[in-house]
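For reference, the chains in residue letters:
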Amino acid sequence: MGKLTTIFRDTAIYGMSSIVGRFLNYLLVPLYTAKFTAASGAYGVITNIYSYVALALVLLTFGMETTYFRFTNKSHTDSNVVYSTTLISVGSVAMLFALLVLLLLTPISQFMGYGEHPDYVGVMAVTVAIDAFLCIPFAHLRQQKKALKFALLKLLNIVVSIALNIIYFIALDGEDVGYVFYINLLCTAMLAVCLIPEMTGFRWVLDRQLLKTMLSYSWPILVLGIAGILNQTADKMLFPYIYPGQDMHEQLGIYGACSKIAMIMAMITQAFRFAYEPIVFAGVKDKDQHQMYEQAMKYFIIFTLLAFLMVVGYMEILKYIVRNQDYWVGLEVVPIVMVAEMMMGVYFNLSFWYKITDRTIWGAIFSGIGCVVLLAVNILFVPKYGYMACAWGGVAGYGVAMIASYVAGQKYYPLNYPLKDISLYVVLAFVFYGFMQTASEWPKLASLAFNTLLIGIFIAVILWRDLPLSRIPVIGKYFKH
């Protein structure tokens with residue numbers, strides 16, 4: 001019981017720090033969209049460069065975070081040797097990456113479309129190199145069960161970043177989008193200083209034989225990571241190359257800013273992951289866990305559908321997250337991106353069958369297929385339909401990966417998911433969504449009141465069918481007969 005309590009405590013700390021961190025980062029969206037007009041293309045630049053950063057981070061860590069956890073717990077390995085070998089290998093690759101980018105800065109910047117601002121690329125290359133290296137000390141904190149320090153440092157980074165952005169863009173009335181990247185570098189350097197204790201007090205040694213074994217373990221994780229991150233960022237990287245208009249950064253900025261509203265779904269998915277993953281692996285040998293997997297899928301879908309209806313129903317309020325009305329033309333992507341995020345969450349739920357049966361290669365296959373579909377939709381349709389094709393590409397990519405994982409999972413690890421119940425909620429949610437779309441033409445207060453009524457009905461159905469008040473902790477005792 002003590003071990004399980006520790007798992008839940010640390011899960012809560014990691015989960016809350018991640019959710020709070022994402023929420024605080026939301027504060028930068030109204031700041032940037034108020035400061036930069038859509039026509040300036042500045043937010044499109046931010047969206048585009050950070051998509052490259054996300055991919056670079058996966059490449060530069062090359063699966064060594066997970067590999068470190070795996071090898072440091074092996075009985076025949078010295079944990080300090082594993083840690084130092086991981087630090088040296090990731091650090092060396094990150095340093096080489098930064099040096100190569102700086103040496104080839106002009107051609108790389110020109111290729112990316114930032115020939116007039118190579119400093120954007122150079123600064124972010126150095127930043128992502130440091131970030132990749134720091135992933136290992138952060139993993140070490142988790143391995144040492146220092147969850148609180150991990151969470152506090154993550155939150156400190158975000159709070160300082162927001163403070164510096166407010167100082168530059170509001171107090172000093174700055175207008176150079178490049179300072180977004182300089183601030184990021186400064187905050188990353190601050191984290192490196194804070195993590196010095198995790199990089200001292202032991203002998204740094206590179207065990208070549210150990211590294212070779214670790215790399216043989218990490219490469220499938222790298223493939224899975226690349227496919228996964230491309231599913232999330234490929235559209236934003238490709239857009240400037242395949243969109244035919246000269247306003248590509250303006251259009252990408254509109255898409256990126258409005259997509260942030262839909263990231264509420266990503267926050268729910270991540271919170272679910274932090275809480276659910278340890279429980280799944282803890283009960284892998286328990287056959288009674290099958291029912292838990294099946295019910296977890298149903299409740300995940302129910303509550304993500306509720307979140308979908310709440311975002312769509314209160315769009316007239318939530319759109320003010322994006323402060324400048326120039327961006328609001330892209331609000332139509334929000335429901336589509338939310339559906340894609342929901343599918344990604346379902347895919348994550350389905351992924352446990354190949355993780356607990358040691359068939360992780362299937363994860364790379366499914367993610368790879370989804371990525372190919374996403375890329376195909378973007379390449380074929382972005383030239384004609386712009387960022388709307390990006391949104392639908394996410395639905396297509398995650399949808400294919402989700403269906404493929406379900407079909408294969410039913411063969412190798414069959415589960416009796418309550419498909420009838422799930423289908424009922426899906427149909428009900430999208431019928432209500434249709435009503436909300438019709439009501440969007442009404443006066444604002446009438447529309448909001450009608451949407452609130454529909455959301456209330458949806459909650460009532462949940463309470464009536466699947467979550468009676470008598471089963472809810474604490475308040476449930478007042479409803480028991």
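Computed from a predicted model, the values in this text were never measured in an experiment. (Residues numbered from 1 in each chain as written. Predicted model: local features only at pLDDT ≥ 70, side-chain atom pairs only at ≥ 80, totals over all residues. Heavy atoms only, no water.)

(A) Representation of the overall build of the protein in the model. Secondary structure summary: the protein contains 19 helices and zero strands in total. Buried positions account for 49% of the 481 residues belonging to the protein. Long-range pairs, those at least 24 residues apart, make up 81% of the contacts in the protein between residues at least 6 apart in sequence. Roughly 23,000 Å² of accessible area belongs to the protein as shown, and the carbon and sulfur atoms make up 67% of that amount. (Helix = DSSP H or I, 4+ residues; strand = E, 2+ residues; numbered from the N terminus. Buried < 20%, exposed > 50% of the residue type's maximum accessible area, 1.4 Å probe, protein only. Contact = heavy atoms within 4.5 Å. Areas by Shrake-Rupley, 256 points an atom, 1.4 Å probe, with all protein chains shown as cover.)

(B) Broad picture of unusual backbone geometry. Even without glycine at this site, Phe62 takes up a positive phi of about 35 degrees. Structurally, Phe62 is set in the loop between helix H3 (42-61) and helix H4 (64-72).

(C) Local environment of the packing of H4 against helix H10 (residues 208-242). Taken N-terminus to C-terminus, the directions of H4 and H10 make an angle of 125 degrees; their axes are 9 Å apart at the nearest point. Taken together, the axis directions place H4 and H10 in an arrangement best described as oblique. Every pair of crossing elements has a handedness; the one defined by H4 and H10 is right-handed. Of the residues in H10, those touching H4 at Met64, Thr66, Thr67, Tyr68, Arg70 and Phe71 are Leu210, Leu211, Thr213, Met214, Leu215, Tyr217, Ser218 and Ile221. When grouped by side-chain class, the residues that make up the contact of H4 with H10 number nine nonpolar, four polar and one charged. (Axes fitted to C-alpha atoms, helices over the stretch in contact; angles between N-to-C directions. Parallel < 35°, antiparallel > 145°, perpendicular 65-115°, else oblique. Left-handed = near helix turned anticlockwise from the far one by under 90°. Nonpolar A, V, L, I, M, F, W, Y, C, P; charged D, E, K, R; others polar.)

(D) Structural view of helix H16 (residues 361-385). Helix length check: H16, at 25 residues, gives a terminal C-alpha distance of 35 Å against a target of 36 Å (1.5 Å per residue), a fit within 8%. Where H16 bends most, at Ile379, the angle is about 35 degrees, and the proline Pro383 comes one to four residues later. Residues Gly363, Ala364, Phe366, Ser367, Gly370, Cys371, Leu374, Val377, Asn378 and Val382 constitute the buried set of H16. One or two residues past the end of H16 sits Gly386, with phi positive at roughly 65 degrees. (Expected span 1.5 Å × (residues − 1). Bend = angle between axes of the 7 residues up to and from the residue.)

(E) Highlighting the confidence of the model for the protein. Across the protein, the average pLDDT comes to 85, with 86% of residues at or above 70. Contacts from residues 472-476, a stretch scored under 50 in pLDDT, to residues over four places away or in other chains number four contacts. (pLDDT = per-residue confidence, 0-100.)

(F) Region of the structure containing a nonpolar patch on the surface. Judged by side-chain polarity, Leu96, Leu100, Leu103 and Leu104 come together as a nonpolar surface patch covering roughly 420 Å² of accessible area. Structurally, Leu104 can be placed in the loop between helix H5 (79-103) and helix H6 (105-112). (Patch = residues over 30% accessible without salt bridge, like charges linked within 9 Å, V, L, I, M, F, W, Y side chains within 5 Å. Salt bridge = Lys/Arg side-chain N within 4 Å of Asp/Glu carboxyl O.)

(G) How the structure looks around the pattern of salt bridges. Tallied over the full model, the rule gives ten salt bridges. A salt bridge links Glu198 to Lys149; its shortest N-O distance comes to 3.0 Å. Pair noted here: Glu198 is in the loop between helix H9 (178-194) and H10 and Lys149 is in helix H8 (residues 147-171), with a separation of 49 residues, a long-range link. With a relative accessible area of 7%, Glu198 lands in the buried category. Owing to a relative accessible area of 29%, Lys149 belongs among the partly exposed residues under this scheme. Arg465 is the partner of Asp421 in a salt bridge, and the nearest nitrogen-oxygen pair spans 2.8 Å. On the criterion of sequence distance, the pair formed by Asp421 in helix H18 (residues 419-439) and Arg465 in helix H19 (residues 444-465) is long-range, its members being 44 residues apart. Using a relative accessible area of 22% as the deciding quantity, one classes Asp421 as partly exposed. Within this structure, Lys298, Asp421, Arg465 and Asp466 form a network of salt bridges that share partners.

(H) Spatial organisation of the nonpolar core. Of all hydrophobic cores here, the largest spans 105 residues; its most connected members are Tyr32, Phe181, Val334 and Phe458. If one sorts the elements of this core by residue count, helix H14 (residues 333-350) sits on top with 13 residues. Setting aside residues up to four positions removed in sequence, Val334 forms contacts with Cys258, Ile261, Ala262, Val311 and Met315. Counting residues in hydrophobic clusters, the runner-up holds 23 residues, among them Met64, Phe71, Leu195 and Leu211. (Core = buried A, V, L, I, M, F, W, Y, C linked by side-chain atoms within 4.5 Å.)

(I) Examining the side chain of Ser84 more closely. Residue position: Ser84 is located in helix H5. Judged by its relative accessible area of 0%, Ser84 falls in the buried class. The contacts of Ser84, once residues within four sequence positions are left out, are Phe202, Arg203, Trp204 and Val205.

(J) Inspection of the environment of Phe432 at higher detail. Examined against the element boundaries, Phe432 turns out to sit in helix H18. Not counting residues up to four positions away in its chain, the partners in contact with Phe432 are Leu309, Leu454, Ile457 and Phe458.

(K) Broad picture of H19. For H19, built from 22 residues, the straight-helix expectation of 32 Å at 1.5 Å per residue is met to within 8% by its first-to-last C-alpha distance of 32 Å. Inspection of H19 places Ser447, Leu448, Asn451, Leu454, Ile455, Phe458, Val461 and Ile462 among the buried residues, and these make up the whole buried set. Projection of H19 onto a plane perpendicular to its axis shows the buried side chains occupying an angular sector of 140 degrees, all on one side. The outward face of H19, more than 90 degrees from its buried face, is lined by the exposed residues Leu445 and Trp464. (Arc of directions from axis to C-beta.)

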